[in-house]
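Architecture and fold: a report
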Amino acid sequence: MTDKKSYFRLRELREKKKLSQVRLAIDLNVNQNTISRYEKGEREADYSMLIAIADYFNVSVDYLLGRTDNPKINR
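What counts and what doesn't
Each chain has its residues counted from 1, running along the sequence as written. Only residues with pLDDT of 70 or above have their local features reported here, since the model is predicted, and side-chain atom pairs are shown and tallied only from 80 upward, although totals for entire chains, interfaces and linings are computed over all residues. Derived side-chain values reflect all non-hydrogen atoms in the structure, with water molecules and hydrogen atoms excluded from consideration. By nonpolar core is meant a set of buried Ala, Val, Leu, Ile, Met, Phe, Trp, Tyr and Cys residues that side-chain atoms within 4.5 Å join together. Relative accessibility thresholds used throughout: buried, under 20% of the residue-type maximum; exposed, over 50%; partly exposed, between the two (1.4 Å probe, protein chains only). Here a strand is any run of E in DSSP of at least two residues, a helix any run of H or I of at least four, and the numbering for each starts at the N terminus. Only heavy atoms enter the contact rule, under which two residues are in contact if any of them lie within 4.5 Å. A side-chain nitrogen of Lys or Arg and a carboxyl oxygen of Asp or Glu constitute a salt bridge if their distance falls within 4 Å. The predictor attaches a confidence to each residue, and that confidence, scored 0 to 100, is pLDDT. Orientation is described by lines fitted to C-alpha atoms, with helices fitted over the stretch in contact, and by angles between N-to-C directions that extend from 0 to 180 degrees. Just so you know how the angles are binned, under 35 degrees is roughly parallel, over 145 roughly antiparallel, 65 to 115 roughly perpendicular, and the rest oblique. The handedness criterion is simple: a crossing whose near helix is rotated anticlockwise from the far helix by less than a right angle is left-handed, and one whose near helix is rotated clockwise is right-handed. Note that Gly is not counted as nonpolar here; it falls among the polar residues with everything else outside the nonpolar set of Ala, Val, Leu, Ile, Met, Phe, Trp, Tyr, Cys and Pro and the charged set of Asp, Glu, Lys and Arg.

Side note on the nonpolar core
Core analysis: the biggest nonpolar cluster contains 18 residues, and Tyr38, Ile53 and Phe57 have the highest contact counts within it. Top element by residues in this core is helix 4 (residues 47–57). It accounts for 5 residues. Apart from residues lying up to four places away in sequence, phenylalanine 57 is in contact with Leu10, Leu13, Arg14, Lys17, Leu19 and Leu24.

Below is the structure:
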């Protein structure tokens, strides 16, 4: 994730669903520290994790990355 907006989007999406970092980490099978680092912009997710996060929140990867303000997925 290369844009500060995308880090904010992950946190925003998580908080909208009232999920803790721990719960999201468990659901995505990663460490809570990883989620924290994604949200702070200290670590970038790889392609498979970006897809997993986007699928989890039912948004497009472009939305997650801040490339669009439209969260809809085009399939």
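Some thoughts on the pattern of salt bridges
Per the counting criterion, the structure on display carries 6 salt bridges. Linked by salt bridges that have partners in common, Arg11, Arg14, Glu15 and Glu39 make up one network.

Regarding the confidence of the model for the protein
Counting all residues, the mean pLDDT for the protein is 89, and 88% of those residues have values of 70 or more. Looking at the elements of the protein, mean pLDDT is at its lowest for helix 1 (residues 4–16), recorded as 82, and at its highest for helix 2 (residues 21–28), recorded as 98.

A few points about the packing of helix 2 against helix 4
The geometry of helix 2 relative to helix 4 is characterised by a closest axis approach of 11 Å and an angle of 115 degrees between their N-to-C directions. When the interaxial angle is binned, helix 2 and helix 4 end up roughly perpendicular. In terms of crossing hand, the pair formed by helix 2 and helix 4 is right-handed. Together, Leu24, Asp27 and Leu28 of helix 2 and Met49, Ala52, Ile53, Tyr56 and Phe57 of helix 4 make up the contact between the two elements. Here the residues of the contact of helix 2 with helix 4 sort into 7 nonpolar, no polar and 1 charged.

As for unusual backbone geometry
Residue lysine 18 is not a glycine yet carries a positive backbone phi of 55 degrees. Turning to its location among the elements, lysine 18 is positioned in the loop between helix 1 and helix 2. Take lysine 18: its relative accessible area is 77%, and that puts it in the exposed class. The phi dihedral of asparagine 29 is positive, around 60 degrees, even though this residue is not glycine.

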